[in-house]
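# Residue-level structural notes
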There are 2 protein chains.
Amino acid sequence: MVENSIVQFERSLKFERLLNRQYAMKLSESTSTRDRLIEAARDLFLQQGYSATGIAQILREANAKPGSLYHFFPTKEDLLIAVLESYTQLLWPLVIKPVFDRVSDPIERIFGILDGYRRMLQLTTCTKGCPIGNIVLELADTHPHVRELCATNFTGWRKAIEGCLDDAANRLPQSVDRIDLASFVLTVMEGGVMQARAYQTLEPFDVAVLQLRDYFDRLLDDGTTWSTQTPPNRIDPE
Amino acid sequence: MVENSIVQFERSLKFERLLNRQYAMKLSESTSTRDRLIEAARDLFLQQGYSATGIAQILREANAKPGSLYHFFPTKEDLLIAVLESYTQLLWPLVIKPVFDRVSDPIERIFGILDGYRRMLQLTTCTKGCPIGNIVLELADTHPHVRELCATNFTGWRKAIEGCLDDAANRLPQSVDRIDLASFVLTVMEGGVMQARAYQTLEPFDVAVLQLRDYFDRLLDDGTTWSTQTPPNRIDPE
């Protein structure tokens, strides 16, 4: 009787383990299908735009069935929202952190982030551009929730630049509004990427960054008053 | 016999006139259908993008028949090309001339042109944006001829700014590359319009223009050396 129970218990454990394994497999399968759908959509939206991308093409690229798409993303817009959320999550590990790990000067960190966009343009021979900027111009007027997510993404980007400017606050003139200046850096990045795509050459992007660098140099010259002023209670070494 | 000839001649004249009138009517009808198609497409592409706009919708808005569309524009891309050519033609009379008529200072003309974009954003509650910028980000990678026309349009815009900078050359530091600075003004305009659309408020556009103004102020301060230098052979009035 006891032995029987143990056997039953073992059997039920085995069964549970089997169930768990199946559930885990199912779960991992689901996760990867969902991820594959997001990745395929991310690539296609970036390559050819949202409206020009058909559901059939996403399914083909993701190697997924219509049922699984509609299970995870009832509408095409839901899939775009997941793509935009993934960009928000990737901002720090993919765009900001690699630069911050390499560069310590806060002003150079800003130009390091801009250089990341230059590399991306170079790698793609000035195609694709900034995925958020593309979506803003294509859908901001017709998809309010999408527009909001793009704005959230922009805000995250701008805040990273703001942080750098805060760290360099003592080198900038007091008149500088650091939130405005960070917003301007985003403006220059997006406008520069757009022109690089229009002319299909890095030159207008490089020109934009060089002009921004000139502006920063003039701000830093103006902010760094210590080189032109004698400290009030200066103590000479001897 | 002569009388007969005169009657015949008059008849033929009348007939010719009739033909001419019919031809003229036909011509004017054709021209206006073509124009209506371009105008409808221009509005729809600007409102909702190129890929999201269907041929049926363009025909409905233009009050035109499929035959007339395919007569003038065998493909949707041909229609877009006509739209882009119309923007190139409208650049001077619609964007540049009204500002140049009102403002004479070359630097203020640049900010007058930027203010035109502000008005457009204000009138549309920060929707629509710059039609060329929208098309660049949507189609540059997939429609090479469209991309080239957008670049031509950008070049025309930049050259107008370049002309202003040339007129103010003696007020700018010699180190300034006026072609680069003009390209930077376009970068700031496009990036500012994009952010205004993303946040659906004028603020980021205004911030971008203010920062650009600050940059110009610093350049002009630097360029205007007469206020800080004493001319070598200065003659005092008394």
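A quick note: this is a predicted structure, and the numbers were derived from the prediction, not measured. In every chain, residue numbers begin from 1 and rise along the written sequence. A letter from A marks each chain and a number from 1 marks each ligand, given out in the order of writing. In keeping with the model being predicted, local features are shown solely for residues with a pLDDT of at least 70 and side-chain atom pairs are shown and tallied solely at 80 or more, while totals for entire chains, interfaces and linings include all residues. Water and hydrogen atoms were dropped before computing side-chain values, which therefore reflect all heavy atoms in the structure.

## Comments concerning the side chain of His143(B)
Residues and elements named next belong to chain B. In plain terms, the rule: Numbering of helices and strands starts at the N terminus; helices are DSSP runs of H or I of at least 4 residues and strands are runs of E of at least 2. Throughout, exposure labels follow a simple rule: accessible area from a 1.4 Å probe, protein chains only, divided by the maximum for the residue type, with under 20% read as buried, over 50% as exposed, and the rest as partly exposed. Counted as a polar contact is a pair of N or O atoms within 3.5 Å, where, for protein atoms, one must be capable of donating a hydrogen and the other of accepting one, and residues adjacent in sequence contribute only when both atoms are in side chains. A contact between two residues is defined here by any heavy atoms of the two lying within 4.5 Å.
Counting through the fold element by element, His143 comes out in the loop between helix H6 (131–139) and helix H7 (144–167). Residue His143 is classed as buried on the basis of its relative accessible area, which comes to 16%. Reaching out from His143, the side chain makes a polar contact with the side chain of Thr142 at a distance of 2.8 Å. In this view, His143 contacts Tyr50 and Glu77; residues no more than four positions away in its chain are not counted.

## As for the environment of Tyr199(B)
Summarising the element assignment, Tyr199(B) is placed in helix H8 (residues 178–199). Overall, the relative accessible area of 22% leaves Tyr199(B) in the partly exposed class. Note: C-alpha distance between Tyr199(B) and Cys126(B) (73 residues apart in sequence) is 8.5 Å. At a separation of 3.2 Å, a polar atom in the side chain of Tyr199(B) contacts the main-chain carbonyl oxygen of Ala151(A). Polar side-chain contacts of Tyr199(B) include one of 2.6 Å to the side chain of Thr155(A).

## Comments concerning the relation of the copies chain B and chain A
Note the following rule: Here the copies are superposed with least squares, the fitted atoms being C-alpha atoms of residues at a pLDDT of at least 70 in both.
Once chain B is rotated about the relating axis by 180 degrees and shifted along it by 0.0 Å, it coincides with chain A to within an RMSD of 0.0 Å. Here the two chains are linked by the operation of a two-fold rotation axis. For chain B, the residue whose C-alpha comes nearest the rotation axis is Gly191(B), separated from it by 2.1 Å. In this assembly the copies share their binding face: 100% of the residues contributing to the interface of chain B also contribute to that of chain A.

## Things to note about the confidence of the model for chain A
All names here are of chain A. To keep things clear, this is the line we draw: The quantity known as pLDDT measures the predictor's confidence residue by residue, on a range of 0 to 100.
Of the residues in chain A, 81% have a pLDDT of 70 or more, and the chain-wide mean is 88. This stretch, residues 227–232, has a pLDDT under 50; its non-local contacts, to residues over four places away or in other chains, come to zero contacts. Under the prediction, the complex receives an ipTM of 0.83, its pTM being 0.84.

## A few points about empty space enclosed by the protein
What counts here: Each cavity reported here is a set of points on a 1 Å grid over the protein atoms alone in which a 1.4 Å probe fits but cannot get out, each pocket an open set with protein on both sides within 12 Å along at least five of seven lines, and each lining residue one with an atom within 4 Å of a point. Grid points are joined across faces, edges and corners, and a volume is the space filled by probe spheres set on the points. Three categories are distinguished: nonpolar for Ala, Val, Leu, Ile, Met, Phe, Trp, Tyr, Cys and Pro, charged for Asp, Glu, Lys and Arg, and polar for the others, with Gly belonging to the last.
Considering all chains together, one arrives at four cavities of 30 Å³ or more under this definition. Quantified by volume, the largest cavity comes out at close to 90 Å³. As for the largest cavity, its lining consists of 13 residues, and the residues nearest its centre are Gln48(A), Gly49(A), Asn134(A), Leu137(B) and Glu138(B). Put simply, the parts of the chain that give the lining of the largest cavity at least two residues each are helix H1 (2–48) and helix H6 (131–139) of chain A together with H6 of chain B. Ranked by the residues each element gives to the lining of the largest cavity, the list is headed by H1(A), at four residues. Its residues assigned to classes, the lining of the largest cavity comprises four nonpolar, five polar and four charged.

## Regarding the packing of helix H5 (residues 106–123) of chain B against helix H9 (residues 203–223) of chain B
All names here are of chain B. Cut-off, in case you're wondering: The angle between two axes is taken between their N-to-C directions and runs from 0 to 180 degrees, where each axis is a line fitted to C-alpha atoms and a helix contributes only its stretch in contact. Put simply, angles under 35 degrees are roughly parallel, angles over 145 are roughly antiparallel, angles from 65 to 115 are roughly perpendicular, and the rest are oblique.
It is at 11 Å that the axes of H5 and H9 come closest, and there the two elements cross at 175 degrees. The angle between H5 and H9 places the two elements in the roughly antiparallel class. Taken together, the residues of H9 that come into contact with H5 (itself represented by Ile107, Glu108, Ile110, Phe111, Leu114, Tyr117, Arg118 and Leu121) are Phe205, Asp206, Val209, Leu212, Arg213, Phe216 and Leu220. For the contact of H5 with H9, the per-class residue count stands at eleven nonpolar, no polar and four charged.

## Quick look at the state of the cysteines
Residue and element names in this part refer to chain A. Defined as follows: Pairs of cysteine sulfur atoms within 2.5 Å are what we label disulfides.
Tallied over the full model, the rule gives zero disulfides over all chains. Cys164 takes part in no disulfide bond, and the closest cysteine sulfur to it belongs to Cys130, at a distance of 17 Å. Classification of Cys164 as buried rests on a relative accessible area of 2%.

## Topic: the nonpolar core
Let me state the cut-off plainly: We call a set of buried Ala, Val, Leu, Ile, Met, Phe, Trp, Tyr and Cys residues a nonpolar core when their side-chain atoms join them within 4.5 Å.
Counting residues in each nonpolar core, the largest one holds 146 residues, and the members touching the most others are Trp157(A), Phe184(A), Trp157(B) and Phe184(B). The residues touching Phe184(A), leaving out its near neighbours within four places in the chain, are Leu212(A), Tyr215(A), Phe184(B), Val188(B), Ala208(B), Gln211(B) and Leu212(B).

## Concerning the interface of chain B and chain A
What counts here: Reported buried area values correspond to the accessible surface (1.4 Å probe) lost by two parts on association, with both partners' losses combined. A carboxyl oxygen of Asp or Glu within 4 Å of a side-chain nitrogen of Lys or Arg is what we treat as a salt bridge.
Contact residues are listed per partner, giving 49 residues for chain B and 49 residues for chain A. Between chain B and chain A, a total of about 4,200 Å² is buried, with carbon and sulfur atoms accounting for 56% of that surface. Together, Leu137(B), Met194(B) and Arg218(B) form the three largest contributors to the area buried by chain B at its contact with chain A, with a combined 16%. At the boundary of chain B and chain A, one finds four salt bridges. The tally of links from chain B across to chain A stands at 22 residue pairs in polar contact (both at pLDDT 80 or more). Listed by contribution, the elements that provide at least two residues to the side of chain B that touches chain A are helix H1 (2–48), H6, H7, H8 and H9 of chain B. It is H8(B) that provides the largest number of residues to the side of chain B that touches chain A, a total of 15 residues. Tallied by class, the residues present in the side of chain B that touches chain A amount to 21 nonpolar, 16 polar and twelve charged.

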